[in-house]
Amino acid sequence: MLSRLISSIIFVLPLVTAPNLGATLDDYIFPNYRTPSYSNYGTIGLIQMPSARMLPAGSIGFSYSEMDPYQRGSILAYPFSWFEASYQYTDVNNALYSDVASFSGNQTYKDKSFDAKFLLFQESTYFPALAIGGRDIAGTGMFSSEYIVASKKINNFDFTAGIGWGKISSKTYKNPLTYINDRFLTRQKLQNTRGGEFSIDAFFGGQASLFGGAEIFLPNLKGLRFKIEYDSTDYDDEGFPDGRLSFKYAFAPVKRAKTKINAGFVYPYTENLHLKLSYVKGNTLSFGFSFQGSLGKKNAIGTIRKNDFHKPTPNSELIKKINSQNNTYIYLTALKNLQNNRLYLQSANIDEEMLEVTYSQSHHQSYIRSAGRVLRVLDEVAPDKISKFKVNNINAGMGMHSIEIPRKDFKSNIDENLFPLIERKTQITSYQHDLDNFEFQPTTIYPTSFWKIAPSVRSQIGGPDGFYFGDLRLGFFSETLFRKNLSLITRASKGLYNNFDELKLASDSILPHVRTDIVPYLKESRNFALTRMQLNYFINPKSDFYFKFAGGILEEMFGGIGFEALYRPFYSDFAIGAELWRVQKRDFDQRFKFRKYKTTTGYINLYYKEPRSKVIIALKGGRFLAEDSGINFDFSRRFESGLRIGGFFTITDISKQEFGEGSFDKGFYFHIPIELFFDQYSKGLAGFGLRPITRDGGAYLIHSHHLWGVTEQAQNANLTRDWNDIYN
Amino acid sequence: MIFIIKNSILFLMLICLSSCNNISYSQVIPLVKLATFGVEDIEIDDDFLNQQKFSFIKVNVGRTGVAILTLASIKNGVYTWVSASGEKLQTYNGKIIKSFDVVYDTHFITFSNFSLNESLQTKQFDYTVRLFNPATIVTQEAILKTLETPRFGDEGLYFEELVTTNGFKWRFVNKYWLNNDGYVTKSIQYLHPKLPKYEINFYYK
């Protein structure tokens, strides 16, 4: 019956499809056809099978699918256009989390896995795109597979064909890789593991199978796509196929495939939101949706235009004339008009030819844009005798950078926005701030406070007690300045609503419980939590050297005192730092009391920013909170919009058994600049990070105002990257 | 004019869930309100009319965009209207023939014989249209006819223009209301497949 249906669909399809009428008209005949769609597995692909299609660099996606017995959510990120990284969270509905009802109740089994796909060749006129990838490469191995896949678009047909190993191989062919090495004859199983490890020995091992299919873009149907595929998944091997025979907590077998042909539809509701429905295995209906955004470029969301322009100084020509009589007038008008532009003058010097100002700001992510706006204000208030501007930037009372520019050159290129011309005339240097060197300084009354109240959410995802536990809170955030470089950061919150009652998993860690007591911390701070009350003192005694001394409640679980030092040469891509902290574990109610556990923790921090790829490599080596020693590796890429996608892992001197489930600490994160979504500029970032499992090994202190972040604008590359914003 | 699409709102909601405290709620609330209820319309009352020195149009684009565009020039029957934030529309006998700096722009390459008048019963037009973002050129066939009963105001004429696009499926009906002086006073037009309808009210000075 099904094969007849499929045959008739294949017969009818050419009648409803259209030839390529022209590259651009296709966008209207097949709306959103340039955006590839997701498989049920949560990565870009056909229905169950992967494809060689990729999203642009800087894309972030989320996918959800339901296909008995699996419910699957996945997060997808593209640090490069040739690298797809994803994390899957699968609810396996034919098995219990454990056989201890008091522990997990009716909670079903949860599986977490990482996938990766690499584009080897881009599609060309005659050759397909070619990719290599793996599913569940660092998980329990429940879905572990590897594949090489090719995709080629011909008119409105996007064909895919590939070869698979592991769970996506129904073991039909001898593995062609055995001609290279006998290791590929069989598929090794990882021994002595607590999950979460790369099973490299198993990769591409065992018999292989071919798979393939097509995604067909249907004309004039609002972008609707039809998908059909030959599914090579071995459903006798994937998951817990035989119920209790496969796994002791499983209670039902998985439906076996009646056919290897799957078919379905994808409807792009918008370019980025796709709905999908398919019929899989000849007996299972699946559905889901995916949502994605390409956020790497400066105007990533083209429909939102910035309405945050430089506010010109009124009566500029008159002000210039008046200011030519007295330098104090220059200082005062600069102070006022900079403030109108959310730029804060800290000190100024005026001589015969040069106007020098020091300012701070927390509005612009682009330091060059803020400097450009300072220069505009100076040009609007400075009398004609001033021929040069020098603009110094400070943060936390420490000097960051200095920009010196001839006034004539700055001014003559504004109208045409000829920013490349002005770059050659500009000197950007490191800056060490010394207030005594300045004649004009605004009077600031200390202490001064900035605060806001905003909702906040604490989330606990994917534990054995339930999929999602959340806590909606009303947060209080404040910063009190006692001096420019002495501040108190406070974060507190009042609980509004939570579902933490069902949270009960106690720590089973044999290490000091530096992170695994998360459940009592969440539960006992439901009503009120003081998350941070950290006093910071910053100094930069010498150019490129930065120090921070801090004490108080440093994070949710620890309080103490310590310091951090950073050497960040202005023109270099390297930086090195060190930090040392004496900390004590906080009481679960997150107020002012402490528990018994005390430790000294510290690290040497190394940073390298690869200039071409914009990849930042950060190594943190030393003694961690649970008194294990090792190195934390963090790799991230920053995009021109400010989006940052990164991943990390930590290897310390504890064994896999001591670490527990997951074998070692690892995770990923992305920071999305909030200004992408608004018509106003903003320095804020929305952070999202995920660790598959919270364990104690490799855990480090999360104190506020890390020097690497505070001194971001103290590196030449971080200024010149945004040079095209100088007149923005 | 502001065009907010569902995508950005959805992404923002996900971000809000993950890190609310970094977001300025003074910015979020208007955005969510805009997405939920649409933009607040601009009321054109006598005070507003008296304040305007020049002819202007009020343009509503779907629920999420509204703007006042002032008449900047008239050349060969082409009226150019400009908004405060720089978007431009050009109209010819009440029909929008070009948009500039709207995210999805449209330029009519041929439009010269388009006209609305009392004696017109049914007339056929052929247009060549350049669409932007993505860029392509299409041809359109339009049938303009007058309907006997005015549907807007008490006086004047009402026209409907049934437009069929060649090359892909995009059919729509534009509507024009003409006053007794022969000027278009209101119009509903479709300009780009990715945009909702433009509703334009003309105010002549």
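Residues numbered from 1 in each chain as written. Chains lettered and ligands numbered in written order. Predicted model: local features only at pLDDT ≥ 70, side-chain atom pairs only at ≥ 80, totals over all residues.

J.: I'm lost on the overall build of chain A in this one. Help?
T.: Secondary structure assignment for chain A yields twelve helices and 30 strands. Taking 728 residues into account, the globule formula puts the C-alpha radius of gyration at 27 Å, and chain A, at 29 Å, falls close to it. In terms of its C-alpha atoms, chain A occupies a principal-axis envelope of roughly 95 × 70 × 50 Å. Here chain A holds 728 residues, and the buried ones make up 45% of them. Looking at chain A alone, contacts between residues at least 24 apart form 58% of all its contacts between residues at least 6 apart. (Helix = DSSP H or I, 4+ residues; strand = E, 2+ residues; numbered from the N terminus. Rg over C-alpha atoms; globule rule 2.2 N^0.38 Å. Buried ≥ 20, exposed ≤ 12 C-beta atoms within 10 Å, placed from the backbone. Contact = placed C-beta atoms within 7 Å.)

J.: Hey, could you run me through the packing of helix α5 (residues 327-340) of chain A against helix α6 (residues 367-381) of chain A in this one?
T.: Packed helices, taken two at a time, are described by the angle between their axes plus the distance between the axes. Residues and elements named next belong to chain A. The geometry of α5 relative to α6 is characterised by a closest axis approach of 9 Å and an angle of 140 degrees between their N-to-C directions. Judged by the inter-axis angle, α5 sits oblique to α6. The hand of the α5/α6 crossing is right-handed. Residues I330, T333, A334, N337 and L338 of α5 pack against V374, V377, L378, E380 and V381 of α6. A class-by-class count of the residues in the contact of α5 with α6 yields seven nonpolar, two polar and one charged. (Axes fitted to C-alpha atoms, helices over the stretch in contact; angles between N-to-C directions. Parallel < 35°, antiparallel > 145°, perpendicular 65-115°, else oblique. Left-handed = near helix turned anticlockwise from the far one by under 90°. Nonpolar A, V, L, I, M, F, W, Y, C, P; charged D, E, K, R; others polar.)

J.: Quick question: what am I supposed to make of unusual backbone geometry here?
T.: For residues besides glycine, phi is generally negative; the peptide bonds are generally trans as well. Cis geometry marks the peptide bond from Y446(A) to P447(A), where omega comes out at -5 degrees. Along the chain, P447(A) falls in the loop between β17 (427-430) and β18 (448-463). Geometrically, the link from N133(B) to P134(B) is a cis peptide bond, its omega value of 0 degrees lying close to zero. Here P134(B) shows up in the loop between β7 (122-131) and β8 (136-147). Of note, the phi angle at N417(A) is positive, near 50 degrees, even though the residue is not glycine. Along the chain, N417(A) falls in the loop between α7 (407-412) and α8 (419-424). On the basis of neighbour counts, which here come to 12 C-beta atoms within 10 Å, the residue N417(A) falls in the exposed class.

J.: Explanation requested: the pairing of strand β2 (residues 65-75) of chain B in the structure shown.
T.: As a general feature of sheets, a regular strand has side chains that alternate between the two faces. Residue and element names in this part refer to chain B. Where strand β1 (residues 56-61) meets β2, six bridges bridge the pair, whose relative direction is antiparallel. Residue pairing across strands places F56 opposite T70, the latter belonging to β2. Between β1 and β2, which follow one another and run antiparallel, lie three residues, and G62 among them has a positive phi close to 55 degrees. Note that β2 and strand β3 (residues 78-83) share six bridges and pair antiparallel. Opposite L69, over in β3, you have S83 as the bridge partner. Hairpin connection of β2 to β3: two residues between the antiparallel strands, including N76 at a positive phi of 50 degrees. (Pairing = 2+ DSSP bridges.)

J.: Before we go on, may I ask you to explain the nonpolar core in this structure?
T.: Generally speaking, a soluble globular protein has its nonpolar side chains buried in company with each other. Of all hydrophobic cores here, the largest spans 33 residues; its most connected members are A334(A), V357(A), V374(A) and L378(A). Elements with a contribution of two residues or more to this core: α5, β13 (344-350), β14 (354-360), α6, β15 (388-395) and β16 (398-406) of chain A. When residues of this core are assigned to their parent elements, the largest contribution, eight residues, is made by α6(A). Setting aside chain neighbours within four positions, we find L378(A) in contact with A334(A), L355(A), V357(A) and F389(A). Counting 27 residues, the second-largest nonpolar core is a separate cluster that includes F108(B), F111(B), L178(B) and Y198(B). (Core = buried A, V, L, I, M, F, W, Y, C linked by C-beta atoms within 7 Å.)

J.: What's the story with the sheet that holds strand β8 (residues 208-217) of chain A in this structure? I'm lost.
T.: In a beta sheet, neighbouring strands are held together by backbone hydrogen bonds and run either parallel or antiparallel to one another. Residue and element names in this part refer to chain A. With antiparallel pairing, the twelve strands of this closed barrel are ordered in space as β1-β2-β3-β4-β5-β6-β7-β8-β9-β10-β11-β12. Adjacent strand axes in the sheet meet at a mean angle of 20 degrees, parallel and antiparallel pairs treated alike. Here strand β4 (residues 108-121) runs beside strand β5 (residues 129-135); their pairing, made up of five bridges, is antiparallel. Bridging from a neighbouring strand, F121 pairs with L130 of β5.

J.: Just to check I follow, could you spell out the environment of E66(A) for this structure?
T.: Residues and elements named next belong to chain A. Topologically, E66 is positioned in strand β1 (residues 59-67). In this structure, the C-alpha to C-alpha distance between E66 and K167, residues 101 residues apart in sequence, is 19 Å. Discounting residues that sit within four places of it in the chain, E66 has contacts with Q71, S286, F287 and G288.

J.: Whenever I open this one, the packing of helix α4 (residues 316-323) of chain A against α5(A) confuses me. Can you help?
T.: All names here are of chain A. Here α4 crosses α5 at 145 degrees, and the two axes come no closer than 8 Å. For the pair α4 and α5, contact is made by I319, I322 and N323 and by Y329, I330 and T333, respectively. Taken together, the residues that form the contact of α4 with α5 break down as four nonpolar, two polar and no charged.

J.: Would you mind going over the pairing of strand β25 (residues 594-610) of chain A with me for this structure?
T.: All names here are of chain A. Taken together, the twelve bridges between strand β24 (residues 574-586) and β25 define a ladder with antiparallel strand orientation. Bridge pairing links L580 to G602 in β25. Bridging between β25 and strand β26 (residues 615-623) involves nine bridges; their strand directions are antiparallel. The partner of K609 across the bridge, within β26, is I616. Counting the residues that bridge the hairpin from β25 to β26 gives four residues, and of these K614 lies at a positive phi of roughly 65 degrees.

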